[in-house]
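The residues making up each chain are set out below.
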Amino acid sequence: MERPIRVLIIHRNRLFREGLAFVLAQQQDITVVGSFPGAGEVVAELVRLTPDVILLDLCLPGREGMGEARLIRGVFPEVKILMMGVSELECDVLACAEAGVTGCLPKEASLEDLLNHIQAAAAGEALCSPKVAGLLLSRVAESGREKQLRQVRGLPNLTRRELEIIALIEEGLSNKEIAIRLQIEVQTVKNHIHNILEKLQLDGRREAARFARERGLLVSAT
Amino acid sequence: MKKIKILLANRPRMLREVVREIIEAQPDMEVVGEVPDPVELLVAVKDTVADAVILDLEDSEEPGLASHLLAGYPNLTIVGLAPNGKTAFVRPGRREIVDPTGANILSALRQASMSPCSSEEQVKKGESP
């Protein structure tokens with residue numbers, strides 16, 4: 001018999017945490033290894049708890065769920081993260097994908113949906129609605145076209161996110177303001193800018209923005 | 001053994017289902033209905049003859065809904081779950097804040113069920129609207 005799926009719950013709602021742990025404990029193929037109100041306490045325990053799947057609530061104050069997903073993935077890249085309470089808006093879906101989330105569940109998902117997602121995630125698979133699948137496939141196709149276009153034009157291979165950030169630099173936004181606008185961490189913005197400057201072989205963010213504008217890169221990014 | 005009849009009207013769906021699982025594991029309680037939309041709550045309370053309702057605190061504070069529930073069923077136990085997930089309150093007759101643990105809510109439902117007149121008995125007496 002395969003060993004049970006080790007599940008960790010991170011959710012601010014105490015009643016939900018308790019109740020979900022109660023429900024999951026009744027499943028023969030699932031073991032709840034821990035339950036926490038936030039990820040800050042979890043990261044230090046990950047090596048000891050060794051979860052296979054983490055259930056993480058997106059709807060935390062200041063949308064911390066996304067940042068916590070990145071934090072966890074940075075420390076424990078093998079763990080599968082299921083984000084709960086995600087809308088099917090393109091920005092939310094893409095933000096989850098970029099944060100390395102394995103699967104997303106909408107606010108009105110059922111317990112049965114959750115159980116199916118846990119089993120799929122543990123098996124290395126992802127369940128998503130046709131709409132979300134369409135969004136992700138469109139974005140991949142668009143990225144492919146942009147990459148091909150840049151190669152034809154002899155332009156540096158900047159990603160869509162990098163072009164978004166350059167455009168916001170040109171608008172005069174600080175790193176913190178960019179982070180807020182794109183709903184990502186400040187450190188993530190800094191990482192992107194570092195990569196941009198390396199690709200363009202430039203020293204400063206303003207130079208990068210000017211470079212991109214002069215070569216018509218920003219027109220396609222906005 | 002007479003079971004405490006509980007109507008679930010809290011959101012979102014997964015929390016409502018989790019609460020249902022907790023309640024249905026109790027030998028002295030049963031879920032008599034689920035109401036995804038609080039607009040349907042008043043009809044559901046009458047149809048199911050519930051002893052208690054669990055709903056979101058913001059819905060229970062809504063003047064029309066709360067006044068109708070209390071006017072029709074003054075001994076109905078109402079458990080309101082706060083949106084921040086940190087508190088729940090229970091009545092009849094009083095506003096009591098409890099930590100929203102499963103144990104506290106179950107305990108409060110049992111204590112409230114010892115009230116003299118449940119909604120079922122009110123209906124039998126012809127006291128419902």
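Up top is the structure these notes are about.
Every residue gets a number counted from 1 within its own chain, in the order that chain's sequence is written. Throughout, the order in which chains and ligands are written sets their labels, letters from A for the former and numbers from 1 for the latter. With pLDDT at 70 or above as the cut-off, local features in this predicted model cover only qualifying residues; side-chain atom pairs require 80 or more to be listed or tallied, and sums for whole chains, interfaces and linings still use all residues.

Chemist: A description of helix α3 (residues 64–75) of chain A should follow, citing residues and the corresponding values.
Modeler: Residue and element names in this part refer to chain A. For α3, built from 12 residues, the straight-helix expectation of 16 Å at 1.5 Å per residue is met to within 8% by its first-to-last C-alpha distance of 17 Å. Among the residues of α3, Gly65, Met66, Gly67, Glu68, Ala69 and Ile72 are the ones counted as buried. The contact criterion used is a C-beta to C-beta distance within 7 Å, with each C-beta placed from the backbone. A run of H or I in DSSP counts as a helix once it spans at least four residues, and a run of E counts as a strand once it spans at least two, with each numbered from the N terminus. In this structure, the buried residues of α3 make contact with β3 (53–57), β4 (80–84) and α4 (90–98). The length a helix should cover is 1.5 Å for every residue beyond the first. Labels follow a simple rule on C-beta atoms placed from the backbone: if 20 or more others lie within 10 Å of a residue's own, it is buried; if 12 or fewer, it is exposed; otherwise it is partly exposed.

Chemist: Help me get a handle on the interface of chain B and chain A, residues and values and all.
Modeler: Between chain B and chain A, the residue contacts involve 14 residues of the former and 16 residues of the latter. Considering every element that reaches the side of chain B that touches chain A, the biggest residue donor is helix α1 (residues 13–24) of chain B, with eight residues. The class makeup of the residues in the side of chain B that touches chain A is eight nonpolar, three polar and three charged. Three categories are distinguished: nonpolar for Ala, Val, Leu, Ile, Met, Phe, Trp, Tyr, Cys and Pro, charged for Asp, Glu, Lys and Arg, and polar for the others, with Gly belonging to the last.

Chemist: Pulling in residues and values, what's your account of the environment of Gly80(B)?
Modeler: All names here are of chain B. Along the chain, the position of Gly80 falls in strand β4 (residues 77–81). Gly80 gets classed as buried once you count the C-beta atoms within 10 Å, which come to 23. In this structure, the C-alpha to C-alpha distance between Gly80 and Met14, residues 66 residues apart in sequence, is 17 Å.

Chemist: Now, about the nonpolar core: what can you tell me, with residues and values included?
Modeler: Of all hydrophobic cores here, the largest spans 70 residues; its most connected members are Val7(A), Leu82(A), Met83(A), Ile6(B), Ala52(B), Val53(B) and Ile54(B). For Val53(B), the residues in contact, after removing those within four places along its chain, are Leu7(B), Ala9(B), Val45(B), Leu76(B) and Ile78(B). Put simply, a nonpolar core is buried Ala, Val, Leu, Ile, Met, Phe, Trp, Tyr and Cys residues tied into one set by C-beta atoms within 7 Å. Residues Ile166(A), Leu168(A), Ala179(A) and Leu217(A) belong to the second largest nonpolar core, which totals 15 residues.

Chemist: Any details on the packing of helix α8 (residues 175–182) of chain A against helix α9 (residues 186–200) of chain A? Residues and values, ideally.
Modeler: Residue and element names in this part refer to chain A. For helices, the fitted axis covers only the stretch in contact; all axes are lines through C-alpha atoms, and the angles between them, taken along N-to-C directions, range from 0 to 180 degrees. Two numbers describe how α8 lies on α9: the axes approach to 8 Å, and their chain directions differ by 110 degrees. By the angle between their directions, the pair α8 and α9 is classed as roughly perpendicular. Taken together, the residues of α9 that come into contact with α8 (itself represented by Asn175, Lys176, Ile178 and Ala179) are Val186, Val189 and Lys190. When its residues are assigned to classes, the contact of α8 with α9 shows four nonpolar, one polar and two charged. Relative orientations are named as follows: roughly parallel for angles under 35 degrees, roughly antiparallel for angles over 145 degrees, roughly perpendicular for angles from 65 to 115 degrees, and oblique for any other angle.

By themselves, these observations are geometric and do not establish any function.
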